[in-house]
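Here is what each chain is made of, one letter per residue.
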Amino acid sequence: RVPCLDLGRLGDSDEEDGDSYIPYSGSYPHTCPLDSSSDWRTSLQTPHAQHHQAQQHCVLEQKTIPENLPSPTDRYKLKYRQHEADMKEEYKQYSQRIAEKKKDHLRCLEVSIKVAGKELEDGHNDDLTALDEKALLQQCYTSKPYNMQHNIRKSEAENVAAERRKQAVVEQVMVDQLSRAVISDPEQSMCADVYKEAQGLLELGTAPMRFRKRTLHETKIRTKSGLTENMLSNKLHFDSRIISRNGRDACRELIGFFFACDRSLTVYEFRQFGKNRTNALPFIQKGVYQHQRGQKKGKAYDLSDFYIGANLTFRSVDHNLPESVKQSSVFTLRVISIDETAMDFLKASSMEFKQEHSKQVVDDSKVFKKIQGILKETLSKRGVRVTTGLGKYFRHVDKNRNGFLSQADFKEALKAFHLEIPEGDFESLWLILDDSKSDKVDYGEFTRAVFGEMNEYRKAFVRKAYMKLDFNKTGSVSMVDIRKCYCAKKHPLVLAGEATEEEIKLSFLETLGESCSNPNEVSYSEFEDYYEGLSIGIMDDDDFVNILRNPWGI
């Protein structure tokens, strides 16, 4: 027997109709007999299961709608009509939004396909190779209008995570520097007991220092150091990266601080182990450092040396660095972002701030821009083939594997790729780059001077895409993993039905494989050279970001 639940005369919770609830009539039996043909397993079921099965039989065998329900009130009918009208209006607006999105999407597809066709036609007129045409297909990626909101939300979440990382590093820096100031105080090593022990004046009942409880520092000593939390708070925060062909070093997340009180700086590396474990360790210890290269060689860093795109040079022997970074006697950090609010505050409070460029720096910049302007037309359609081909050529010629080549090697490379630079401009360029007068120049610096380079906003997305592929941080990615991760679903030609995903993927893998010394794996420098070539023909930053976001899902 299954007892029937009697709720009595319960009214509605909001009492909107003013009428109390009329319970079901007593025609419902208190028990629901089970089917005589039920399985023998029913006897083995728990009481709860039997009760649930009995209720199901009751629902199937008897009417679920009683006949004596009262008619709905006028107030309820009005609310129902309003709800029905609202639902119809919402559905109408939803249909209109969907139709507008489809129209916008088709319009974007038509524009992208026209642009792709025009580029390919222009390519044939300029005698482009099949490799150039396949590389140009990567410039056709566009972002769907209804995916922009998703990208915005994703960017906001990444900014929040980055801000949390920075805050964690700031706290670690403050703790490290304040603790270091206290522990390194000279009075810590001049305790009275230490002095007496050294002089042999301790009483007979006093145990030697090595047997007594000691702390890291004597808290009763008042540190006379001027380094306080208020002084350390006047700092400039900046993000940086190592300019390196090694993928593991180039993707290190470095966060630096310049302290205005003593013009010292320090750089920390943020590391993340798994999803929850993080750590911030000193990469460059706090100290006053000087320029190691360029027009300011030998001068200490000041506030005017920190801006987006600035290069900070350090001697590798002065720091405890990874072996891959120590291979070069001087390594370079590129400033990729700064705290603009802190910079404005420090500028206003500093009486010595002067950000002026010498005449030599201005002249050097003019030489770079002139050469880049000469080669701009040549690289506009063949950027990928030239940049990746030159990088592959330089790596082949570099027998010593140190990244430095002679003047004759660079001239031969320019001649092989039909890049004509006037002799006078080339000599001016060489005098600028060869500041050490060693007749050797790093071919990475030479390439950046001749072709220019992407801005730091674009490079950040290139590093993000490569870090997604190289999740083990080995510095190289196999072509098999790239094939697995590359997605061509959002390519305009695929969406329009004019090409398949496999065709777009194969065109990308073929062009990327041509730039690699080893066809089975891709290094960071080769990956960066490929997108450096694509970046030459794209003026808008958002358009370039879409080339990375759509196939790699970043």
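All values derive from a computational prediction rather than experimental measurement.

(A) View of the overall build of the chain. Helix and strand counts for the chain come out as 19 helices and 10 strands. Within the chain, the proportion of its 554 residues that are buried is 34%. In the chain, once contacts between residues fewer than 6 apart in sequence are set aside, the share between residues at least 24 apart is 65%. Accessible surface, the chain: about 34,400 Å² in total, of which carbon and sulfur atoms supply 52%.

(B) Structural detail: the UniProt feature "domain: EF-hand" (unreviewed entry) in the chain. Those residues carrying the UniProt feature "domain: EF-hand" (unreviewed entry) are residues 385-420 in this numbering. From the first C-alpha to the last, residues 385-420 spans 16 Å; its make-up is 64% helix and 6% strand.

(C) Region of interest: the nonpolar core. Counting residues in hydrophobic clusters, the biggest one holds 38 residues, and the most contacted among them are Ile482, Ile504, Phe508, Phe527, Tyr531, Leu548 and Trp552. Those elements that provide at least two residues to this core are helix H14 (456-469), helix H15 (479-485), helix H16 (492-495), helix H17 (501-514), helix H18 (524-536) and helix H19 (541-552). One finds Phe258, Val267, Leu303 and Phe314 within the second-largest nonpolar core, a separate group that totals 25 residues.

(D) Seen up close, the sheet that holds strand S3 (residues 264-273). Pairing within the open sheet is antiparallel, and its six strands lie in the order S4-S3-S2-S1-S6-S5. Edge positions in the sheet fall to strand S4 (277-287) and strand S5 (311-315), since each of these pairs with one other strand and no more. The mean inter-strand angle of the sheet, taken between neighbouring strand axes irrespective of direction, is 35°. Note that strand S1 (residues 235-242) and strand S6 (residues 330-338) share five bridges and pair antiparallel. Looking at S6, one finds that Ile242 is bridged to Leu333. Its contacts with the sheet put H14 on S1 and S6, and the angle it makes with S6 is roughly 105°.

(E) Spotlight on the packing of helix H11 (residues 407-416) against helix H12 (residues 423-433). Between H11 and H12, the least distance of the axes is 12 Å, while the angle of their chain directions is 135°. Considering the angle they form, H11 stands oblique to H12. In the crossing of H11 with H12, the sense of the turn from one axis to the other is right-handed. Here Gln407, Phe410, Lys411 and Leu414 of H11 lie close against H12, whose contacting residues are Glu423, Phe426, Glu427 and Trp430.

(F) Structural detail: the pattern of salt bridges. Taken as a whole and assessed by the stated rule, the structure comprises 25 salt bridges. With a shortest N-O distance of 2.9 Å, Glu158 and Lys464 are connected by a salt bridge. Of this pair, Glu158 sits in helix H4 (residues 148-183) while Lys464 sits in helix H14; the two residues are 306 residues apart in sequence, bridging distant segments of the chain. For Lys296, the salt bridge goes to Asp305, with nearest N and O atoms at 2.8 Å. What makes Asp305 buried here is its relative accessible area of 6%. Here the residues in one salt-bridge network are Arg241, Arg334, Glu453, Glu456, Lys459, Glu528 and Glu532, joined through shared partners.

(G) Highlighting the packing of helix H10 (residues 359-397) against H11. The N-to-C vectors of H10 and H11 enclose an angle of 145°; their axes lie 11 Å apart at closest approach. The element H10 and its partner H11 pack so that their crossing is right-handed. Touching Leu390, Tyr393, Phe394 and Val397 of H10 are Asp409, Phe410, Glu412 and Ala413, all from H11.

(H) Structural view of unusual backbone geometry. Even without a glycine there, the phi angle at Lys437 is positive, about 55°. Looking at where Lys437 falls in the secondary structure, it is placed in the loop between H12 and strand S8 (441-442). Residue Lys437 is classed as exposed on the basis of its relative accessible area, which comes to 62%. Its identity as a non-glycine residue notwithstanding, Asp439 has a phi of 60°, on the positive side. Within the secondary structure layout, Asp439 lies in the loop between H12 and S8. Classification of Asp439 by relative accessible area gives partly exposed; the value is 40%.

(I) Local environment of H11. For H11, the complete set of buried residues consists of Gln407, Phe410, Ala413 and Leu414. Down the axis, H11 shows its buried residues gathered within 125° of arc, on one side only. Exposed and oriented more than 90 degrees from the buried face of H11 are Ala408 and Lys415. After H11 finishes, the residue His418 shows a positive phi value of roughly 55°.

(J) How the structure looks around the side chain of Ser507. Within the fold, Ser507 resides in helix H17. When its relative accessible area of 5% is taken as the criterion, Ser507 is described as buried.

Basis of the calculations
Residues numbered from 1 in each chain as written. Predicted model: local features only at pLDDT ≥ 70, side-chain atom pairs only at ≥ 80, totals over all residues. Heavy atoms only, no water. Helix = DSSP H or I, 4+ residues; strand = E, 2+ residues; numbered from the N terminus. Buried < 20%, exposed > 50% of the residue type's maximum accessible area, 1.4 Å probe, protein only. Contact = heavy atoms within 4.5 Å. Areas by Shrake-Rupley, 256 points an atom, 1.4 Å probe, with all protein chains shown as cover. UniProt positions renumbered as here; feature names shortened; annotations may be inferred. Core = buried A, V, L, I, M, F, W, Y, C linked by side-chain atoms within 4.5 Å. Pairing = 2+ DSSP bridges. Axes fitted to C-alpha atoms, helices over the stretch in contact; angles between N-to-C directions. Parallel < 35°, antiparallel > 145°, perpendicular 65-115°, else oblique. Left-handed = near helix turned anticlockwise from the far one by under 90°. Salt bridge = Lys/Arg side-chain N within 4 Å of Asp/Glu carboxyl O. Arc of directions from axis to C-beta.

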